[in-house]
Amino acid sequence: MQPGVKILKDLAYSAFRDRKDRDVWYYSANTTLLKTTGDENTAALNLASWSSRGGWKDNAHLLASPKICSNAKALLSDVWRSLSERCSSRTTFGECPVKQGPYTCTNVSTNFDFDFPPSFFYGKWRGTAKLYNTQTKEVSFCMRAYFSTAPKANNGPKRKPLKLDLVDKVIIN
């Protein structure tokens, strides 16, 4: 899972929980984008679920999105807006393509509503995300994260059924 051309340099992040809602996390990060990234790239996500017999069961959910900059801005508008407001740089973050240079993001919340996937089973998950050039297939970013989902609680505050807890393990190459 080693990328051919690095896109990020020295990614450092921290996380903390909200005091009122323990299901909401806030992340802060510093990184340097080494190359301008736009619609020439495709993002691919592969989720593996933990089997009841033990071991990872690959390809539980697959997602590939060409023209990642425009699609992320259109499909994940709440996330894109939050990143635009919370990330600072010498250049503007909220435009496509995203320019190279140093970026600092502070207090980015994980409290987002997603309409997809329509159903998501409970259990342990492993997500592998890749960003690659659509024509040359050269990988410029890959990340693996482990998380788990839990049933919706009937008592207490209203919660979304899918909660990502990326604090367990995040591996970025």
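Residues numbered from 1 in each chain as written. Predicted model: local features only at pLDDT ≥ 70, side-chain atom pairs only at ≥ 80, totals over all residues. Heavy atoms only, no water.

Caption draft 1: Just the environment of G101, in detail. Mapped onto the elements, G101 comes out in strand 6 (residues 101–109). A residue is classified by how much of its surface remains accessible, and G101, at 7% relative accessible area, is buried. Remark: the alpha-carbon pair of G101 and T32, spanning 69 residues in sequence, is separated by 5.4 Å. (Helix = DSSP H or I, 4+ residues; strand = E, 2+ residues; numbered from the N terminus. Buried < 20%, exposed > 50% of the residue type's maximum accessible area, 1.4 Å probe, protein only.)

Caption draft 2: Representation of the state of the cysteines. Taken as a whole, this structure holds two disulfides when the rule is applied. In this model, C69 is linked to C96 through a disulfide, with the two sulfur atoms separated by 2.1 Å. Since a negative S-S torsion denotes a left-handed disulfide, the C69-C96 link at about -100 degrees is left-handed. Here C96 lies in the loop between strand 5 (87–89) and strand 6 and C69 lies in helix 1 (residues 68–75), a separation of 27 residues in the sequence. Exposure remark for C69: the relative accessible area of 5% places this residue in the buried category. Taking the relative accessible area as the measure of exposure, C96 reaches 31% and is therefore partly exposed. (Disulfide = S-S within 2.5 Å.)

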